[in-house]
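# Reading the structure
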Amino acid sequence: MKHLTLFAILLSAIPANALDNSPLTLSKAVELGLKTDNVIMTEAARVSSAKAGLEQAKLSRLGGFKLKGMYTNGTDPVYAFATAMRQGTFGMASLATINDPQAAGNYMAGIEAGVPLFTGFAISHAMKMGNLGIEAAQNGYERAKTGITFKITYQWLTVLLRAKLASLAADTVKAAETELKTAQMLKDKGMVLGSDYYGAEAILSGLRGYSLNWNKALELEKEKLAIALGEDPASAREVAGVLNESAYSDTTGYKPTEADTAGRRDLKALEKMAAISVESQTMQKDSYLPVVEAFGSWEANSKSLSDFRGNRLLGVRLNMPLGDPGYFAKKDGAKAEAAMAASRLNEARKQATVEVAEALNNYNAARESLPVAKETVEKASQSLELFRPLYRQGRQSVLEVLRAQASVLQAEAAYYETVYKLHLYHAQTLLASETLDAASVKEMSDKLASKN
């Protein structure tokens, strides 16, 4: 029973995804990545910080309350005279030494409270800026989620591509080794030239190099995906998907406009930041207005920590800056900050439109390149199939057969890289237009789950 309890405790301490070794679909990978990404956690904390800032601005309307305590000792006539009055020890004898008093000590304890009646609109400005700050932070958080979704999609697709290339290289090496075994027997019988055989061996070595490099690249990309998902890189999982020519919407001839990026969360965040700069400018303009506060205080004074005598003071005070030499400079600085924020927003809008245009262009280029890449694979495969019987009939060199195999491998690699770009640039277009959400990821995941 003790062993079962210990096992249950150890099992509960292991992260849930650490026990799952099933292949990863795109949807599952994105789901896991969004839960563990540090950038998203940072942006979530930024939202919490913005909310706390707004709460602070709201609570500042309640004013402040503080405790005071102090011990003083001095021979200054004014101090000694006032201290004696506060302590209630002042008498006629005090007048005899008023110009040359003995050292007077005083213990003071007190409380003070103040409630703002008018702050020159500083609190209302702070609350508006706080609300805008929350909206900016929330938009930044949502944009971060979209960005991480694309990052994981890119990494998942890259693993899928590398796995396909490694598989193609392994199959090609295996087929080439079979041809070389046959060629070895023919060479021993004098039916194959040594120069052709060694040339074919050199091609096989090149194919093995491809296989080695592509397998290493696959291992690296799988580790990077595991790290992005918060999993152990040493036990990186396989991806569940098939690179295929799944079609998305036809965007040929479409010209993107600013309307395509109207939903961009990063632009919305910049809009809120620009609004904060405008509010800050208005706040600086209003800084010449008076600040009115109702206050009250209570103090107790004693010479020896006993027999404290208390007194109170209530009132309303006004502070108004009449001669701030930096007022106009501060106002101009706030105006410049607002202008810079507006310029950053306008530039970001232009850049977002460019990003959509680039992604669409890349997607259309990949889509239009697919038939060419596919035809290249077909032609290279036809060439190989024609070489094989000729070689076995002694009418063609094994060197040409392996060259044809290498050509097929290169053509297939180019084809699958084009298919990879098709899906990647589709995701990039969704990212640029802020439409890379759970539904679009599921659509991609379903399209890549099986062959057409």
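What follows is about the pattern of salt bridges. Here the structure, examined in full by the defined rule, presents 19 salt bridges. Aspartate 266 serves as the salt-bridge partner of arginine 143, at 4.0 Å between the closest nitrogen and oxygen. Residue arginine 143 is found in helix 6 (residues 122-188), and its partner aspartate 266 is found in helix 8 (residues 265-285); the two are separated by 123 residues along the sequence. Lysine 330 is paired through a salt bridge with aspartate 324; the nearest N and O atoms lie 3.5 Å apart. A residue is classified by how much of its surface remains accessible, and aspartate 324, at 36% relative accessible area, is partly exposed. Three or more residues are tied together by salt bridges with common partners; here these are Lys68, Glu112, Glu293, Glu299 and Arg317.

When helix 4 (residues 77-87) is considered as a whole, its buried residues turn out to be Tyr79, Ala80, Thr83, Ala84 and Gln87. The buried residues of helix 4 occupy one face: seen down the axis, they fall within an arc of 130°. Its side-chain oxygen at 3.2 Å from the backbone nitrogen of valine 78, aspartate 76 defines the N-terminal cap of helix 4. Immediately beyond the C-terminal end of helix 4, within one or two residues, lies glycine 88, with a positive phi of roughly 80°.

Now for the sheet that holds strand 1 (residues 64-74). If you walk across this open sheet you meet the four strands as 1-2-3-4, and the pairing is antiparallel. Only two strands of the sheet have a single partner each, and these edge strands are strand 1 and strand 4 (309-319). Between one strand and the next, the sheet's axes are offset by a mean angle of 20°, whatever the strand orientation. Across 11 bridges, the pairing between strand 3 (residues 291-302) and strand 4 is antiparallel. Counterpart to glycine 296 in the pairing with strand 4 is leucine 314. Lying over the sheet, helix 4 contacts strand 1, strand 2 (104-118), strand 3 and strand 4, oriented at roughly 80° with respect to strand 2.

Time to look at the packing of helix 2 (residues 26-36) against helix 11 (residues 438-447). At a closest axis distance of 8 Å, the pairing of helix 2 and helix 11 adopts a crossing angle of 140°. Here helix 11 runs oblique to helix 2, going by the angle between their axes. On helix 11, the residues touching Leu26, Ser27 and Val30 of helix 2 are Val441, Lys442, Met444 and Ser445. Among the residues making up the contact of helix 2 with helix 11, the classes are represented as four nonpolar, two polar and one charged.

Looking along a regular strand, one sees side chains alternate from face to face of the sheet. Here strand 1 pairs with strand 2 via 11 bridges, running antiparallel. Directly across from threonine 72, in strand 2, lies its bridge partner asparagine 106. Sheet analysis places strand 2 next to strand 3, joined by 11 bridges and oriented antiparallel. Residue pairing for strand 3: glutamate 112 is matched across the bridge by serine 297.

Quick look at helix 10 (residues 398-432) now. In this model helix 10 runs 50 Å from its N-terminal to its C-terminal C-alpha over 35 residues, within 8% of the 51 Å that 1.5 Å per residue would give. Of all 35 residues in helix 10, 26 are buried, a share of seventy percent or more. Count one or two residues on from helix 10 and you reach glutamate 434, which has phi positive near 60°.

In terms of nonpolar packing, the biggest core is built from 64 residues, with Trp156, Leu225 and Leu402 touching the most fellow members. Listing elements by their share of this core, those giving two or more residues are helix 2, helix 6, helix 7 (194-228), helix 9 (327-392), helix 10 and helix 11. Among the elements that take part in this core, helix 10 stands out by supplying 20 residues, more than any other. Beyond its immediate sequence surroundings of up to four residues, leucine 402 is in contact with Ala176, Glu179, Leu180, Ala200, Ile203 and Leu204. In terms of nonpolar packing, the next biggest core, distinct from the first, is built from eight residues, Ala50, Ala57, Ile134 and Ala137 among them.

Now for the side chain of threonine 261. For threonine 261, the position within the fold is in the loop between helix 7 and helix 8. Threonine 261 gets classed as buried once you look at its relative accessible area, which sits at 2%. Every residue in contact with threonine 261, bar those within four places of it in the chain, is listed here: Leu267, Ala352, Thr353, Val356 and Ala432.

Per the stated rule, a full pass over the model turns up eight aromatic pairs. Centre to centre, the rings of phenylalanine 81 and phenylalanine 90 are 4.8 Å apart; their planes meet at 75°, and the pair counts as edge-to-face. Plain terms: the ring middles of tyrosine 415 and tyrosine 416 are 4.9 Å apart, the flat faces sit at 75° to each other, and that makes the pair edge-to-face. Three or more aromatic residues joined by ring pairs make a cluster, and in this case those are Tyr288, Tyr327 and Phe328.

Conventions adopted
- Residues numbered from 1 in each chain as written.
- Predicted model: local features only at pLDDT ≥ 70, side-chain atom pairs only at ≥ 80, totals over all residues.
- Heavy atoms only, no water.
- Salt bridge = Lys/Arg side-chain N within 4 Å of Asp/Glu carboxyl O.
- Helix = DSSP H or I, 4+ residues; strand = E, 2+ residues; numbered from the N terminus.
- Buried < 20%, exposed > 50% of the residue type's maximum accessible area, 1.4 Å probe, protein only.
- Arc of directions from axis to C-beta.
- Polar contact = N/O pair within 3.5 Å; in protein donor to acceptor, adjacent residues only side chain to side chain.
- Pairing = 2+ DSSP bridges.
- Axes fitted to C-alpha atoms, helices over the stretch in contact; angles between N-to-C directions.
- Contact = heavy atoms within 4.5 Å.
- Parallel < 35°, antiparallel > 145°, perpendicular 65-115°, else oblique.
- Nonpolar A, V, L, I, M, F, W, Y, C, P; charged D, E, K, R; others polar.
- Expected span 1.5 Å × (residues − 1).
- Core = buried A, V, L, I, M, F, W, Y, C linked by side-chain atoms within 4.5 Å.
- Phe/Tyr/Trp six-rings, centres within 6.5 Å; stacked < 30°, edge-to-face > 60°.

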